[in-house]
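# Per-entry structural report
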Amino acid sequence: MMRLHDFGPTGQRVPVIGQGSWFIESGNRRQAVAALQRGIERGMTHIDTAEMYGEGAAEQLVGEAIAGRRDAVFLVSKVLPHNASRQGTVAACERSLRALGTDRLDVYLLHWRGPHPLAETFAAFERLQQDGKIRAWGVSNFDVDDLEEALAVAGPGRIACNQVLCHLGERAIEHAVIPWCRQHGVAVVAYSPFGHDAFPKATSPGGRVLAEVAAAHGATARQVALAFLLRQPGVFTIPKASRAAHTEDNAGAGALVLSAADITRIDAAFPRGTRPDHLPMI
């Protein structure tokens, strides 16, 4: 059964595994819609999208998938940095709502830091929240210095989440971002949890470790990879699946809990390395 965790300060319980939509519009539309719908049925009700994805095409596809199911979905979208002025953020949100065919978002994110002051973007978020168009707001691709500035501008208890890159080959957020978010009650959402076309090959040393751990649990290597990322409280992940079979595989990780020995083996096979100067993002 899919595990649920508290999603930052939102007061909502959200599945630890959700569904991403980056590039989802580039393949077979019918299959992609069916994959999202199957994910909802399997408890992966957290669906993430953005105005950037396919220049709105991904939002339209997500809107088709959630038609008639909106109340069952925890829906997230993002504003592009160059649109994130006070008025631009409001206009971008309204465009996203139209594309998604809904009257509200559960969380609205600033996609990454851009030219507009955080105070302007956050003021727009607060207005959208007051108007009932979003229930909460957060950020994406923020390192600790960005998070400190955001906290100083917004105050405590306002930032719902920080969506950041994390997979077995890129664990930079474990150095400081995850500890900061845990300290301040901010959810961490790991995007691209399998890497960008970079999942370990089964014949590689790391791939063999994943296969052995997976066999011990009657799971798949990708399910083990997701479970490893989710081993820390307050962490969520949003793998994309364009086919229902991939959705089923992702959903199967929702109840998988690794042993301490499993975690030690995977940690050794995919070391997090030293903290980088800049937070990686794609």
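Refer to the structure above for everything that follows.
Residues numbered from 1 in each chain as written. Predicted model: local features only at pLDDT ≥ 70, side-chain atom pairs only at ≥ 80, totals over all residues. Heavy atoms only, no water.

When helices and strands are tallied, the protein shows ten helices and nine strands. On C-alpha atoms alone, the protein measures out to a radius of gyration of 18 Å, which is about the 19 Å that the 2.2 N^0.38 rule sets for 282 residues. The principal-axis extent of the C-alpha atoms belonging to the protein is close to 50 × 40 × 30 Å. Counting across all 282 residues of the protein, residues that qualify as buried make up 54%. For the protein, the proportion of contacts with a sequence separation of at least 24, taken over those separated by at least 6, is 78%. (Helix = DSSP H or I, 4+ residues; strand = E, 2+ residues; numbered from the N terminus. Rg over C-alpha atoms; globule rule 2.2 N^0.38 Å. Buried < 20%, exposed > 50% of the residue type's maximum accessible area, 1.4 Å probe, protein only. Contact = heavy atoms within 4.5 Å.)

Here the focus is the packing of aromatic side chains. Throughout the structure, instances matching the rule amount to nine aromatic pairs. Arranged with centres 5.7 Å apart and planes meeting at 90 degrees, the rings of Phe-194 and Phe-199 form a pair that is edge-to-face. An aromatic cluster of at least three residues, connected via ring pairs, comprises Tyr-108, Phe-122, Phe-125 and Trp-137. Directly above the aromatic system of Phe-199 lies the positively charged group of Arg-222, at a separation of 4.5 Å from the ring centroid. Taking the ring centre of Phe-228 as reference, the NZ or CZ of Arg-231 above it sits at 3.9 Å. (Phe/Tyr/Trp six-rings, centres within 6.5 Å; stacked < 30°, edge-to-face > 60°. Lys NZ or Arg CZ within 6 Å of the ring centre and 35° of its normal.)

This part is about the packing of helix α1 (residues 29-41) against helix α2 (residues 57-66). The geometry of α1 relative to α2 is characterised by a closest axis approach of 9 Å and an angle of 55 degrees between their N-to-C directions. By the angle between their directions, the pair α1 and α2 is classed as oblique. α2 is crossed by α1, and the crossing has right-handed handedness. Packed against α1, whose contacting residues are Arg-29, Ala-32, Val-33, Leu-36, Gln-37 and Ile-40, the element α2 presents Gln-60, Leu-61, Val-62, Glu-64, Ala-65 and Ile-66 at the interface. For the contact of α1 with α2, the residue count by class is eight nonpolar, two polar and two charged. (Axes fitted to C-alpha atoms, helices over the stretch in contact; angles between N-to-C directions. Parallel < 35°, antiparallel > 145°, perpendicular 65-115°, else oblique. Left-handed = near helix turned anticlockwise from the far one by under 90°. Nonpolar A, V, L, I, M, F, W, Y, C, P; charged D, E, K, R; others polar.)

Applying the stated criterion across every chain, the model contains 21 salt bridges. Between Arg-29 and Glu-64 there is a salt bridge, with its nearest N and O atoms 3.0 Å apart. In this pair, Arg-29 is assigned in helix α1 and Glu-64 in helix α2, connecting sequence segments 35 residues apart. You can call Arg-29 partly exposed: its relative accessible area is 37%. Of the charged contacts in the structure, one is a salt bridge between Asp-103 and Arg-104, with a shortest N-O distance of 3.1 Å. On the accessibility criterion, Asp-103 (52% relative accessible area) is exposed. (Salt bridge = Lys/Arg side-chain N within 4 Å of Asp/Glu carboxyl O.)

Among the nonpolar cores identified, the biggest contains 76 residues, and Tyr-108 and Ile-266 are the most heavily contacted of them. If you tally residues by element for this core, the top one is helix α8 (residues 221-229), at six residues. Those residues in contact with Tyr-108 that lie beyond four places of it in its chain are Ser-77, Lys-78, Val-79, Thr-89, Ala-92, Cys-93, Phe-125, Leu-128, Ile-134, Ala-136, Trp-137 and Gly-138. Among the nonpolar cores identified, the runner-up in size contains 15 residues, and Cys-161, Ala-187, Tyr-191 and Phe-236 belong to it. (Core = buried A, V, L, I, M, F, W, Y, C linked by side-chain atoms within 4.5 Å.)

Let us now look at unusual backbone geometry. Backbone geometry at Asn-141 places phi at a positive 60 degrees, although glycine is not the residue there. Residue placement: Asn-141 occurs in the loop between β6 (137-140) and α5 (144-154). Owing to a relative accessible area of 9%, Asn-141 belongs among the buried residues under this scheme. The phi dihedral of Asp-197 falls on the positive side, at around 55 degrees, and the residue is not glycine. Considering the arrangement of structural elements, one finds Asp-197 in the loop between β8 (187-191) and α7 (205-217). By relative accessible area, Asp-197 is classed as exposed at 79%.

A few words on the state of the cysteines. In the structure shown here, the tally under the stated rule is zero disulfides. Of all cysteine sulfurs in the structure, the one in Cys-161 sits closest to Cys-93, which takes part in no disulfide; the separation is 14 Å. (Disulfide = S-S within 2.5 Å.)

Glancing now at the sheet that holds strand β5 (residues 107-110). Ordered in space as β3-β4-β5-β6-β7-β8-β9, the seven strands form an open sheet in which the pairing is parallel. Looking at which strands have only one partner, the edges of the open sheet turn out to be β3 (46-48) and β9 (235-237). The average undirected angle you get between the axes of adjacent strands in this sheet is 25 degrees. Summarising the sheet, β3 and strand β4 (residues 74-79) pair through three bridges and their orientation is parallel. Residue pairing in the sheet places His-46 in a bridge with Phe-74 of β4. Docked against the sheet, helix α3 (residues 86-100) engages β4 and β5, running at close to 135 degrees with respect to β4. (Pairing = 2+ DSSP bridges.)

A few words on the side chain of Ser-85. Within the secondary structure, Ser-85 is located in the loop between β4 and α3. Judged by relative accessible area, which is 18%, Ser-85 ranks as buried. One polar contact links the side chain of Ser-85 to the main-chain amide nitrogen of Gly-88, over a distance of 2.9 Å. Residues in contact with Ser-85, not counting those within four places in the same chain, are His-116, Glu-120 and Ala-124. (Polar contact = N/O pair within 3.5 Å; in protein donor to acceptor, adjacent residues only side chain to side chain.)

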